[in-house]
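Okay, here's what each chain looks like letter by letter:
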Amino acid sequence: MAQSNTKIVCVTGGSGFIGSWLVRLLLDRGYTVNATVKDLKDEKETKHLEALEGAESRLRLFQIDLLDYDSIVSAVAGVTGVFHVASPCTVDKVHDPENELLAPAIKGTINVLTAAKELGVKRVVVTSSVSAIVPSPSWPSDVPKSEDCWTDEEFCKQKELWYPLSKTLAEKAAWDFSKEKGLDIVVVNPGTVMGPILPPTINASMQMIRLLIQGCTDEYENFFMGPVHVKDVALAHILVYENTSATGRHMCVESICHYGDFAAKVAELYPKYNIPRLPKDTQPGLMRSNKGGKKLMDLGLQFIPMEQIIRDSVETLKAKGYLS
Ligand SMILES: NC(=O)c1ccc[n+]([C@@H]2O[C@H](COP(=O)([O-])OP(=O)(O)OC[C@H]3O[C@@H](n4cnc5c(N)ncnc54)[C@H](OP(=O)(O)O)[C@@H]3O)[C@@H](O)[C@H]2O)c1
């Protein structure tokens, strides 16, 4: 019997930290998944996906470059839904912001949405970030930041904060495309994502907690807004995809808090590590709240608490040899 295509979806960036968890949960739920990687010949991008349960019969891998429209078409052909996760993700200084961050984020998003529209995809979930919400220095400090808040583009340009700028412009481009072309999209805005690592490599957010444990005193002033477990991020994508009543942006954080709160919790749980003491308020003007993820909670998501996020992160870093 021919398989119904309602459960065939595409995940761009399937090889990455969040993408692999999303592919895993989709396979667990019986979906057939077209996952994209940058290089099919690189086992570091493929092996952990091929090892997932259900992969043998329901996972297909495609090689794409976000800047090459034609490469995206075959991954999107025949699917009902697309999860557009792929985008370069770094909080480090970059030498060539246009080519390293802005073009793949913005043009890449337009290429994926164009392919989705051309090929009759029903719904696209776009992975944005809290980096499209902060830094937003003009937001009143007595009001918790919410989906109504947008990153200040001029502030990013002045401070050379290219990653938040890339996520903000990419998300805005996605909303403009959706309105102009009539494509159904929904957005997830994760905070700093941590938890068990499936790929053999370490991504930017897991590097943050690794560095903290190794004594780094960076306060991520313009990047941090709260942590979230990687499994919850993957689940949030599926929830907003399956609930067609879910609309707009969805902030995906266990809580809105300061990096200093997070670092203090790591120090409390792991006194044997020499965790630096950071100031209490590392994110000026950020009002704490445990309702940041309310839209997702209303869809049934119960966020994994910070303590568990930290424990799972430390255990995976130890298991993979990133921490002793
Ligand atoms: N980690 C976080 O804390 C966090 C928070 C909020 C939002 N996000 C967003 O979540 C998404 C995934 O992040 P992640 O943490 O999972 O990072 P990651 O592990 O670095 O994954 C990024 C993925 O994008 C792919 N990619 C990057 N540039 C590409 C290009 N030019 N063409 C094709 N594929 C490309 C990467 O492929 P390769 O593996 O082949 O390089 C990888 O699969 C990104 O959109 C990021 O902005 C992350």
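Residues numbered from 1 in each chain as written. Predicted model: local features only at pLDDT ≥ 70, side-chain atom pairs only at ≥ 80, totals over all residues. Heavy atoms only, no water.

### Observations regarding empty space enclosed by the protein
No. 1: In total, this model carries one cavity of 30 Å³ or more according to the counting rule given.
No. 2: Lining the largest cavity, in full, are H84, V85, A86, S87, A105, T109, V126, T127, S128, K167, A170 and E171.
No. 3: Secondary structure elements with two or more residues in the lining of the largest cavity: α5 (97–118), β5 (123–127) and α7 (162–181).
No. 4: It is α7 that provides the largest number of residues to the lining of the largest cavity, a total of three residues.
No. 5: Of the residues belonging to the lining of the largest cavity, the class tally is five nonpolar, five polar and two charged. (1 Å grid on protein atoms, 1.4 Å probe; cavity = no way out; pocket = protein on both sides within 12 Å on 5 of 7 lines; lining within 4 Å. Points joined across faces, edges and corners; volume = space filled by probe spheres on them. Helix = DSSP H or I, 4+ residues; strand = E, 2+ residues; numbered from the N terminus. Nonpolar A, V, L, I, M, F, W, Y, C, P; charged D, E, K, R; others polar.)

### Structural notes on the sheet that holds strand β4 (residues 81–84)
By definition, the strands of a sheet pair up through backbone hydrogen bonds, in either a parallel or an antiparallel sense.
No. 1: Strand order in this open sheet of seven strands is β3-β2-β1-β4-β5-β6-β9, and the pairing throughout is parallel. The open sheet has two free edges, formed respectively by β3 (59–63) and β9 (249–252), since each of these has just one partner strand. Adjacent strand axes in the sheet meet at a mean angle of 20° when their direction is disregarded.
No. 2: Bridge count for strand β6 (residues 185–190) against β9 is four bridges, and the pairing is parallel. Within β9, the position partnered with V187 by the bridge is R249.
No. 3: Each of β1 (8–12), β2 (32–37), β3 and β4 is contacted by helix α1 (residues 17–28), which is oriented at about 170° to β1, the strand it contacts most. (Pairing = 2+ DSSP bridges. Axes fitted to C-alpha atoms, helices over the stretch in contact; angles between N-to-C directions. Contact = heavy atoms within 4.5 Å.)

### Concerning the nonpolar core
No. 1: By size, the foremost hydrophobic cluster in this structure holds 76 residues, and its most contacted members are V23, L26, V33, L59, F83 and F262.
No. 2: Counting residues in hydrophobic clusters, the runner-up holds 24 residues, among them I8, F62, A86 and V124. (Core = buried A, V, L, I, M, F, W, Y, C linked by side-chain atoms within 4.5 Å. Buried < 20%, exposed > 50% of the residue type's maximum accessible area, 1.4 Å probe, protein only.)

### Side note on the state of the cysteines
No. 1: In the structure shown here, the tally under the stated rule is zero disulfides.
No. 2: Left without a disulfide partner, C149 is nearest to the cysteine sulfur of C156, which lies 11 Å away.
No. 3: For C149, a relative accessible area of 1% translates into the label buried.
No. 4: For C156, a relative accessible area of 0% puts it in the buried group. (Disulfide = S-S within 2.5 Å.)

### Overview of the packing of helix α4 (residues 69–76) against α5
No. 1: Taken N-terminus to C-terminus, the directions of α4 and α5 make an angle of 50°; their axes are 9 Å apart at the nearest point. It follows from the interaxial angle that α4 and α5 lie oblique. The chirality of how α4 crosses α5 is right-handed. Facing Y69, I72 and V76 of α4, the residues of α5 in contact are N111, V112, T114, A115, A116 and E118.
No. 2: Residues of the contact of α4 with α5, tallied by class, amount to six nonpolar, two polar and one charged. (Parallel < 35°, antiparallel > 145°, perpendicular 65-115°, else oblique. Left-handed = near helix turned anticlockwise from the far one by under 90°.)

### Digging into the pattern of salt bridges
No. 1: If you walk through the whole model with that rule in mind, you get 12 salt bridges.
No. 2: The partner of R123 in a salt bridge is D184, and the shortest N-O contact between them spans 2.8 Å. Placement of R123 in strand β5 and of D184 in the loop between α7 and β6 is noted, with a sequence separation of 61 residues between them.
No. 3: The exposure class of R123 is buried, given its relative accessible area of 4%.
No. 4: Residue classification places D184 among the partly exposed residues on the basis of a relative accessible area of 31%.
No. 5: A single salt-bridge network, built from bridges that share partners, covers D261, D281 and R288. (Salt bridge = Lys/Arg side-chain N within 4 Å of Asp/Glu carboxyl O.)

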